[in-house]
Amino acid sequence: TGLIEGIGPRYCPSIEDKVVRFAHKESHQLFLEPEGWHTTEVYVQGGNTSLPEDVQLAMLKSIPALREVEITRVGYAVEYDYVPPNQIRATLETKLIEGLFLAGQINGTSGYEEAAAQGIIAGINAALAVRGEKPLILRRDQAYIGVLIDDLVTKEIDEPYRLMTSRAEYRLLLRQDNADLRLSPLGYKVGLLDRARYEAVEKKRKAINEELERLEDTWLKPSENDRLSQWGLDPLEEGVNALQFLRRPETTYAMIEALVPSPQPLSPEAIQEVAVVAKYAGYIERQRREVERAKRLEERGIPDDFDYEAIVGMRKEAQEKLKRFRPATVGQASRIQGVNPADISVLLVYLGRH
Ligand SMILES: Cc1cc2nc3c(=O)[nH]c(=O)nc-3n(C[C@H](O)[C@H](O)[C@H](O)COP(=O)(O)OP(=O)(O)OC[C@H]3O[C@@H](n4cnc5c(N)ncnc54)[C@H](O)[C@@H]3O)c2cc1C
């Protein structure tokens, strides 16, 4: 209709958007989804639109199977506003109204998971604030939720934000298989995870660590070469510890179980974790070192009322951005668009002096 100004969610384009953005496609699929058992209404999935009513009807009728179609409810677009990133803290509390926590689309995101992820953090932090306790802020190396919220408070948003794995820089640490190990202690601490669940995860962690230690102390000798050749593996020329053996791309934990079984059998989840940690140890370690390096900036706090204009030698653009976003840490400051590493060096020197 020409009335829509906002940019729609990139991953759910309207049919009129698709025709323009994917002009090279010969067709676009529509899925006719019955709305229920006791209705003849059908939802036209893939055909969301805000075109004028008569155009919508003409478009549908142009499809042979829908020649006789009637529209019971026309498509329409909803434009909504959102709170700009510089007005929310990483706790999801608004800067303007103390005690007001926001989550979901109102913070500029689109998506079920995005809304739910913020919902749990906003809820946790609202409860912690009421109890007068320290807020919970997940770091970028701790959880995808950390990446999501950090992006929300440091990046200019010009279209509905969706979290994609590619937005996380520490993907080797943020694995599905270690989500319980990463986050259960926090869930338990804030009172959302019961003791039994927490202890089960700690038991798993202990079993994994003990098994990794055992593998490091367990030696495989060339006398095992017959078995290795049965599995099609190259023979050992000298002894190796079981952890080094497991690091080889062609070996599996099942082979370890056959050669040097653990006195206490591990759960399948713990076995998977042992295998992942063993095989990718070098890469995981490198990423951990990167996290440690970045942590110094993450932990360096900046007072809320910090006077950026007083910093001599910082570019005007950076000063303006920092003044607007008021990052809570130097780490957050470094991720604001328009703030470059040189600005951060100046900021660090200034913070060090004052
Ligand atoms: C057609 C469509 C398809 C989508 N498909 C997908 C998809 O496939 N996958 C996906 O991940 N996301 C999808 N999304 C996006 C996703 O649904 C939203 O981003 C997400 O649900 C937003 O959650 P929210 O909690 O922020 O807001 P909402 O779910 O909109 O919740 C806001 C709530 O506030 C209530 N409310 C408003 N005003 C007041 C008031 N004054 N007092 C009290 N209550 C009030 C509303 O009734 C509503 O229940 C889709 C969205 C649409 C519209």
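Residues numbered from 1 in each chain as written. Predicted model: local features only at pLDDT ≥ 70, side-chain atom pairs only at ≥ 80, totals over all residues. Heavy atoms only, no water.

### Digging into the nonpolar core
- The biggest cluster of nonpolar side chains holds 24 residues, and the ones touching the most others in it are Leu 215, Leu 220, Phe 245, Leu 246, Tyr 253, Ile 256 and Val 274.
- Residues Phe 101, Ile 124, Leu 136 and Val 153 belong to the second largest nonpolar core, which totals 21 residues. (Core = buried A, V, L, I, M, F, W, Y, C linked by side-chain atoms within 4.5 Å. Buried < 20%, exposed > 50% of the residue type's maximum accessible area, 1.4 Å probe, protein only.)

### As for unusual backbone geometry
- A positive phi angle is found at Leu 92, which is not glycine, with a value near 75°.
- Here Leu 92 lies in the loop between helix 2 (53-61) and helix 3 (112-130).
- Although it is not a glycine, Arg 326 sits at a positive phi angle of roughly 45°.
- Residue placement: Arg 326 occurs in the loop between helix 12 (316-325) and helix 13 (330-334). (Helix = DSSP H or I, 4+ residues; strand = E, 2+ residues; numbered from the N terminus.)

### Points about the site of the ligand
- Near the ligand the following residues occur: Ala 103, Gly 104, Gln 105, Ser 110, Gly 111, Tyr 112, Glu 113, Ala 115 and Arg 162.
- The backbone of Gly 111 places a nitrogen or oxygen atom 2.8 Å from an oxygen atom of the ligand.
- Measuring from an oxygen atom of the ligand, one finds a side-chain N or O atom of Arg 162 at 2.9 Å.
- Considering the ligand on its own, with 1,000 Å² of exposed area, one finds that the protein chains cover 31% of that surface.
- Per-class residue counts for the shell around the ligand are three nonpolar, four polar and two charged. (Near = heavy atom within 4 Å. Polar contact = N/O pair within 3.5 Å; in protein donor to acceptor, adjacent residues only side chain to side chain. Areas by Shrake-Rupley, 256 points an atom, 1.4 Å probe, with all protein chains shown as cover. Nonpolar A, V, L, I, M, F, W, Y, C, P; charged D, E, K, R; others polar.)

### Some words on the pattern of salt bridges
- A full pass over the atoms with the stated rule returns 26 salt bridges.
- Three or more residues are tied together by salt bridges with common partners; here these are Arg 140, Asp 150, Asp 151, Lys 155, Glu 169, Glu 298 and Arg 335. (Salt bridge = Lys/Arg side-chain N within 4 Å of Asp/Glu carboxyl O.)

### Overview of a nonpolar patch on the surface
- Together, Tyr 76, Val 78 and Tyr 80 make up a nonpolar patch on the protein surface, roughly 380 Å² of accessible area in all.
- The topology assignment puts Tyr 76 in the loop between helix 2 and helix 3.
- Classification of Tyr 76 by relative accessible area gives exposed; the value is 67%. (Patch = residues over 30% accessible without salt bridge, like charges linked within 9 Å, V, L, I, M, F, W, Y side chains within 5 Å.)

### As for helix 6 (residues 195-217)
- Under the 1.5 Å per step criterion, the end-to-end length of helix 6 is 33 Å for 23 residues, consistent within 8% with the ideal 33 Å.
- All of the buried residues along helix 6 are Val 201, Lys 204, Ile 208, Glu 211, Leu 212, Arg 214 and Leu 215.
- Buried residues belonging to helix 6 abut helix 5 (179-189), strand 4 (240-241), helix 8 (242-247), helix 9 (253-259) and helix 10 (268-279).
- For helix 6, the side-chain oxygen to backbone nitrogen distance between the N-cap and Ala 196 is 3.2 Å, and the N-cap itself is Asp 194. (Expected span 1.5 Å × (residues − 1). Contact = heavy atoms within 4.5 Å.)

### Re the side chain of Gln 332
- Inspection of the secondary structure puts Gln 332 in helix 13.
- There is a polar contact of 2.8 Å between the side chain of Gln 332 and the backbone nitrogen of Ala 328.
- Once residues lying within four places of it in the same chain are set aside, the contact partners of Gln 332 are Ala 90, Asp 150, Val 153, Thr 154, Glu 298 and Pro 327.

### Some points on helix 5
- Looking only at helix 5, the buried set comprises Leu 181, Arg 182, Ser 184 and Gly 187.
- Buried residues along helix 5 sit against helix 6 and helix 10.
- Looking one or two residues past helix 5, Gly 191 carries a phi angle of roughly 90°, positive in sign.

### Digging into the packing of aromatic side chains
- Considering all chains together, one arrives at three aromatic pairs under this definition.
- Measuring from ring centre to ring centre gives 4.9 Å for Phe 306 and Tyr 308, while their planes differ by 75°; the resulting arrangement is edge-to-face.
- Ring centres of Phe 306 and Tyr 350 lie 5.9 Å apart, and the angle between their planes is 80°; on these two criteria the pair is classed as edge-to-face. Highlighted residues: Phe 306 in the loop between helix 11 (281-298) and helix 12 and Tyr 350 in helix 14 (residues 341-353), separated in sequence by 44 residues.
- Classification of Phe 306 by relative accessible area gives buried; the value is 9%.
- Look at Tyr 350 and you get buried, because its relative accessible area is 16%.
- Clustering of aromatic rings is evident, with ring pairs tying together Phe 306, Tyr 308 and Tyr 350.
- Over the ring of Tyr 161 we find Arg 167, and its NZ or CZ is 4.3 Å from the ring centre. (Phe/Tyr/Trp six-rings, centres within 6.5 Å; stacked < 30°, edge-to-face > 60°. Lys NZ or Arg CZ within 6 Å of the ring centre and 35° of its normal.)

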